[in-house]
Amino acid sequence: MPIATPEVYAEMLDRAKAGKFAYPAINVTSSQTLNAALRGFAEAESDGIIQISTGGAEFLGGQYNKDMVTGAVALAEYAHIIAEKYDVTVALHTDHCPKGKLDGYVRPLLEISAERVKAGRNPLFQSHMWDGSAETLADNLAIGQELLAKAAEAKIILEVEITPTGGEEDGVSHEINDELYTTVDDAIRTAEALGLGEKGRYLLAASFGNVHGVYKPGNVVLRPELLKDLQEGVGAKYGKTAGSQPFDFVFHGGSGSTEQEIATALENGVVKMNLDTDTQYAFTRPVADHMFRHYDGVLKVDGEVGVKSQYDPRTWGKSAEAGMAKRVSEACANLRSTGTKLK
């Protein structure tokens, strides 16, 4: 059962929460990067999450018509087959989807999974993300209520982003400023609108200074201890026992984070951490190395014929897969998921 059923996905998240670890959520854009992510999880003996953004899905759909749903469905179906060969369990997720792309991405994918469930099958994806961070919180949560109800019917977990993450991700961008911190009031309003599980399970991407993309230390001030305030504030409002953690948090914009920042986030309820920038570089770096070292072989320089074995995509593609797989395994170690796979 390499692709998690709804019940197993819930179990994975529960185990992460109880064990104070998180699953790396790896963005993929091709069969090659999918295999690299699966290999990295398998080598770390960790379960994990594979995710496709709107831009990734558009790329997967081909540059002729750039259809996001076609791209996402095609790779998901491929994953259901290829993942059988890996001794780990993974969940399939769609990453950042803003309001303007819901009708062309998340809503059709929810309908596909709903039809599968009606037919007695499991959903195609295990979770979808609604990124309403560019909307007012009221509009964000209103759309979240609609999507959560549809997701619950399709046995899917919804991820919501209630306040901005800095930087840029597939066309959604926010400035790096003091607005990148979710307040207790934001969290309480979220619980009031979406419930705490009784209306359907959801993951919460709260902001504690997170920024997408690449940044140098000191440019971003992360405050993962803020997540504890959100848990306690909502817990007190709803009469939860001391130390309880009502939310399953997601860590966005984690590239360049320190080990201590990650550890603090894990202690405060983070069960999923997105990785894209770092794994993109880990995939591309070996390719660049190969091209520079075999320049005369990969190009037909000065009328020569080149060296077929050196420009064969399989040659440099194997190095790319190995480089990305290694980075995925490192992420498992950083997030304490190494060796935690379901038996």
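Residues numbered from 1 in each chain as written. Predicted model: local features only at pLDDT ≥ 70, side-chain atom pairs only at ≥ 80, totals over all residues. Heavy atoms only, no water.

Describing the pairing of strand β5 (residues 157–161)
Operational definition: Exposure categories follow from relative accessible area, calculated using a 1.4 Å probe and restricted to protein chains: below 20% of the type maximum is buried, above 50% is exposed, and the middle band is partly exposed. A run of H or I in DSSP counts as a helix once it spans at least four residues, and a run of E counts as a strand once it spans at least two, with each numbered from the N terminus. A pair of strands is considered paired only if DSSP assigns at least 2 bridges between the two. Look down the strands so they point away from you; if the path from the first strand over the helix to the second goes clockwise, the crossover is right-handed.
The element β5 is largely enclosed, with a buried count of 5 among its 5 residues. Burial of the side chains of β5 extends over both faces: I157, E159 and E161 are buried on one face and L158 and V160 on the other. Bridge count between strand β4 (residues 127–131) and β5: 5 bridges; the pairing is parallel. Residue pairing across strands places S127 opposite I157, the latter belonging to β5. With helix α6 (residues 137–153) bridging β4 and the parallel β5, this β-α-β connection has right-handed handedness. When β5 meets strand β8 (residues 202–205), the two strands line up parallel, connected through 4 bridges.

Describing the environment of L196
Following the sequence through the fold, L196 ends up in the loop between α7 (184–194) and β8. Distance in space between the C-alpha atoms of L196 and F247 is 7.6 Å, their sequence separation being 51 residues.

Details of the packing of helix α5 (residues 106–118) against α6
The description of two packed helices rests on the angle between their axes and on the distance between the axes. Filter applied, for reference: For helices, the fitted line uses only the C-alpha atoms of the stretch in contact; every axis is such a line through C-alpha atoms, and the angle between N-to-C directions lies from 0 to 180 degrees. For classification purposes, angles smaller than 35 degrees are called roughly parallel, those larger than 145 roughly antiparallel, those between 65 and 115 roughly perpendicular, and all remaining angles oblique. Crossing handedness follows the turn of the near helix against the far one: under a right angle anticlockwise gives a left-handed crossing, and clockwise gives a right-handed one. When checking whether two residues touch, look at their non-hydrogen atoms; a contact exists if any pair is within 4.5 Å. Residues are sorted three ways: Asp, Glu, Lys and Arg are charged, Ala, Val, Leu, Ile, Met, Phe, Trp, Tyr, Cys and Pro are nonpolar, and all the rest, Gly among them, are polar.
Between α5 and α6, the least distance of the axes is 8 Å, while the angle of their chain directions is 25°. On the basis of their axis angle, the class for α5 and α6 is roughly parallel. The handedness of the crossing between α5 and α6 comes out as left-handed. Between α5 and α6, the residues in contact are R107, L110 and V117 and I143, E146, L147, K150, A151 and E153, respectively. Considering only residue class, the contact of α5 with α6 consists of 5 nonpolar, no polar and 4 charged.

Description of the pattern of salt bridges
Our working rule: We define a salt bridge as a side-chain nitrogen of Lys or Arg found within 4 Å of a carboxyl oxygen belonging to Asp or Glu.
The final tally for this structure, using the stated rule, is 18 salt bridges. Here R39 and E321 are joined by a salt bridge, their closest N and O atoms 3.2 Å apart. Of this pair, R39 sits in helix α2 (residues 31–44) while E321 is found in helix α13 (residues 313–334), placing the two residues 282 residues apart along the sequence. Using a relative accessible area of 28% as the deciding quantity, one classes R39 as partly exposed. With a closest N to O distance of 3.7 Å, E77 and R116 form a salt bridge. Of this pair, E77 sits in helix α4 (residues 68–82) while R116 sits in helix α5, placing them 39 residues apart in sequence. A relative accessible area of 35% means that E77 is categorised as partly exposed. With a relative accessible area of 11%, R116 lands in the buried category. Among the ionic contacts, a cluster of salt bridges with common partners joins D14, K17, R201 and D248.

Some points on the packing of α2 against α4
Closest axis-to-axis distance for the α2/α4 pair is 11 Å, and the angle between their directions is 40°. Our classification of the angle between α2 and α4 gives oblique. The element α2 and its partner α4 pack so that their crossing is right-handed. Touching S31, L34, N35 and L38 of α2 are L75, Y78, A79 and I82, all from α4. Of the residues that constitute the contact of α2 with α4, the class distribution is 6 nonpolar, 2 polar and no charged.

So, the packing of aromatic side chains
To keep things clear, this is the line we draw: Note on ring pairs: Phe, Tyr and Trp rings are taken, using the six-membered ring of Trp, and paired if centres are within 6.5 Å. Classes follow the plane angle, with under 30 degrees stacked, over 60 edge-to-face and the rest tilted. For a ring to carry a charge above it, either NZ of a lysine or CZ of an arginine must fall within 6 Å of the ring centroid while also lying within 35 degrees of the normal to the ring plane.
Across all of its chains, the model carries 3 aromatic pairs by this definition. Residues F247 and F249 carry aromatic rings whose centres are separated by 5.6 Å and whose planes lie at 45° to one another, so their mutual orientation is tilted. In this pair, the class of F247 matches that of F249, namely buried. The aromatic ring of Y181 is capped on one face by R223, whose charged end is 5.0 Å from the ring centroid.

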